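What follows is each chain in one-letter form.
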Amino acid sequence: MSAVPSHLYGALHPGLRLKNDLDRAVLITRPQPLTTRSYICRRLPPAEAIVLSLFDGRCTVGEVARLWAELTDRDVASAEEEVQSLLDFYLSGERAREDIFRLSETPIPEAHAYDPADFVIDARQVNLKERRLRFPYNVYFLTTLYCPQDCVYCYAKVRKSCESNLLAVERVEEIVVELAGLGVECVQFSGGDALARPGIFRIIESVYANGMVADIPTKIGAGPAKARRLREIGVEVVQFSLDCVDPETLDFMVGVEGYHAKAFRALHHLREAGLKVRVNTVLTPFNAAKARELIRFAGEMGNIFRLQFSAYGRSLFRHRDALFAREADIAGVEAAALELGKDYPHMDISVGGGALPPASDPQERQMEWTHRAFCTANRDSFVILPDGRVTVCEELYDHPAFIIGDLRRQSVMEMWNSPPARGLLHPPQPEVPEGPCASCAYFAECNADRGRCWRDVIKSYGWQKHYYPDPRCPRAPQGMRLG
Amino acid sequence: LDDAKVKALKGALKEAQIDELFIDRFIDLMTC
């Protein structure tokens, strides 16, 4: 790549965040309700973070090079060479496609202005090897597992009434303050139905009062007063699950007679309150043929800015094979999205989900496995259960093998640094009772580095066999179909 | 970043032995 002209202004994409992570820095995607970015996480040595932080949208490439020369007491030519090597890295290959770093002929006002001093970390202490973040960044809160609906495809471990041992609202507020202090930017709510918990508005209020945002999925929505209150608190976006607009099919899928009328009312209340809505649709053979009407409805609403179709994936708690979307179902929805999407340029439509089986060619399968994505559970994120216990992935719920702490009696950082939390990525191999992992030479690296998808393990082999291999692993036995 | 902050930062970098930038191209990733 040729040298970047020195008169250009530069800045990181505002959807990314540079963070001090104790003995290194990290560049990570901000989990914002309106984000359209892919998720990235890169560990950085302090010098790289400092130079990136100098690109505040108001400095040119030449000015940053001169400043870096001054800061490190060297000639400008050496500093320029280093700054150019950084730009070459971030503006080439995969990084360029991911739009990580931007250049402009004019200043970039939306750039975040960091204090470079935040990234001064003793070079002798730097650790770039360990993947697990020193401070958690993505936090999920399952407010309650109660849900008044009874969806045929539900993947959650839902219940028919609210828990009697919910974490006290006062304690949740204390946790929110601690999370804000750790640099967490977004609390991602889930459930059950996140809004079905008593005291939920006070909790959401606390999130915004502490400078964070909330990502809120719901199927019950909110009445006019509650929708207005959400907007007044500062909520801009709500995720609403809507599987189709045909009343009979919708009521069947949600398992509640008359649900469709409530859903349409709730959507109108959200729009009246000025809230943007992201719609999530679970795709099954029962609703695939109704996708066109749903796209039309969502597009005409005006405030629905994203419509995501996710092909049904195996539910641990209420699976039946008839729910798996067929190839023709998915192709039909993709065609409808392509055709009708042009009429609604304000609305992003995506079709995804449904697990692909591992490649049949052994070499290809090994390659896929070696280059699998990192699991972020217990590396970047954790999940607070309704009673305050902590697990590592939303779909593991209260599985005892994955409970890493209890915020009723621990602070967030006590939990994050506790032996169960740190030890989960370094399980003792002799304790694996049976199965391919018990004798695998790759065991330690597999668990500590990219990880096994624990959720898919228990979906494939059963709740009790959490120590089994990831079903994508070349040594894994054939498990249950996932998607 | 004013002059005073640049001066303080320069001292802090020296103390922390941060004196050059090397891009490690092999530290990783894309991940209801």
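None of the values given here were measured: they were computed from a predicted structure. Numbering of residues starts from 1 in each chain and follows the order in which that chain's sequence is written. Lettering for chains starts from A, numbering for ligands starts from 1, and both go in the order in which the items are written. Totals for whole chains, interfaces and linings use every residue, but because this is a predicted model, local features are given only for residues with pLDDT of at least 70 and side-chain atom pairs only at 80 or more, for both listing and counting. By convention in this description, side-chain values take in all heavy atoms of the structure and omit both hydrogens and water.

Peer 1: I'd like a rundown of the environment of Asp193(A), residues and numbers included.
Peer 2: All names here are of chain A. Structurally, Asp-193 can be placed in the loop between β8 (186–190) and α6 (200–209). Considering only alpha carbons, one finds Asp-193 and Thr-143, 50 residues apart in sequence, at a separation of 7.9 Å. Residue contacts are defined here by distance: any two heavy atoms, one from each residue, within 4.5 Å place the two residues in contact. The residues contacting Asp-193, other than those within four sequence positions of it, are Thr-143, Thr-144, Tyr-146, Cys-147, Pro-148, Gln-149, Pro-217, Thr-218, Lys-219 and Ile-220. Each helix is a run of DSSP H or I of at least 4 residues and each strand a run of E of at least 2, with the numbering of both proceeding from the N terminus.

Peer 1: Summarise the side chain of Asn138(A); cite the residues concerned and give the values.
Peer 2: Structurally, the position occupied by Asn138(A) is in strand β7 (residues 138–142). Each residue touching Asn138(A), except ones within four places of it in the same chain, is listed here: Pro31(A), Tyr39(A), Gln188(A), Asp380(A), Ser381(A) and Phe382(A).

Peer 1: A description of the environment of Ser350(A) should follow, citing residues and the corresponding values.
Peer 2: Residue and element names in this part refer to chain A. Locating Ser-350 in the fold gives a position in strand β13 (residues 348–353). Partly exposed residues are those whose accessible area sits between 20% and 50% of the maximum for their type, while under 20% is buried and over 50% is exposed, using a 1.4 Å probe and protein chains only. We classify Ser-350 as partly exposed; its relative accessible area is 27%. Ignoring any residue separated from it by four or fewer positions in sequence, one finds Ser-350 in contact with Leu-307, Gln-308 and Phe-309.

Peer 1: Please set out the interface of chain B and chain A residue by residue, giving values where relevant.
Peer 2: The interface is formed by 23 residues belonging to chain B together with 46 residues belonging to chain A. Approximately 3000 Å² of surface area, both sides summed, lies buried where chain B meets chain A, with 62% of it carried by carbon and sulfur atoms. By definition here, a salt bridge exists when the distance from a side-chain nitrogen of Lys or Arg to a carboxyl oxygen of Asp or Glu is within 4 Å. Our count for the chain B to chain A interface comes out at one salt bridge. With a closest N to O distance of 3.4 Å, Asp73(A) and Lys10(B) form a salt bridge. We call two N or O atoms a polar contact when they sit within 3.5 Å, provided that within protein one can donate a hydrogen and the other can accept it, with sequence-adjacent residues counted only if both atoms are side-chain atoms. Remark: the boundary between chain B and chain A carries six residue pairs in polar contact (both at pLDDT 80 or more). Residues are sorted three ways: Asp, Glu, Lys and Arg are charged, Ala, Val, Leu, Ile, Met, Phe, Trp, Tyr, Cys and Pro are nonpolar, and all the rest, Gly among them, are polar. Residues of the side of chain B that touches chain A, tallied by class, amount to 14 nonpolar, two polar and seven charged. Simply put, the buried area is the total loss of 1.4 Å probe accessible area from both parts when two parts are fitted together.

Peer 1: Please give an account of the pattern of salt bridges that cites residues and values.
Peer 2: Once their charged atoms are close, side chains differing in charge can pair, the charge on each being opposite to the other. Residues and elements named next belong to chain A. Summed over the entire model, instances satisfying the criterion amount to 33 salt bridges over all chains. Its salt-bridge partner being Lys-290, residue Asp-246 comes within 3.8 Å of it at the nearest N-O pair. Of this pair, Asp-246 sits in the loop between β10 (237–241) and α8 (247–254) while Lys-290 sits in the loop between β11 (276–283) and α10 (291–301); the two residues are 44 residues apart in sequence, bridging distant segments of the chain. Bridged by salt links that share partners, the residues Asp-21, Asp-23, Arg-24, Glu-130 and Arg-134 form one connected network.

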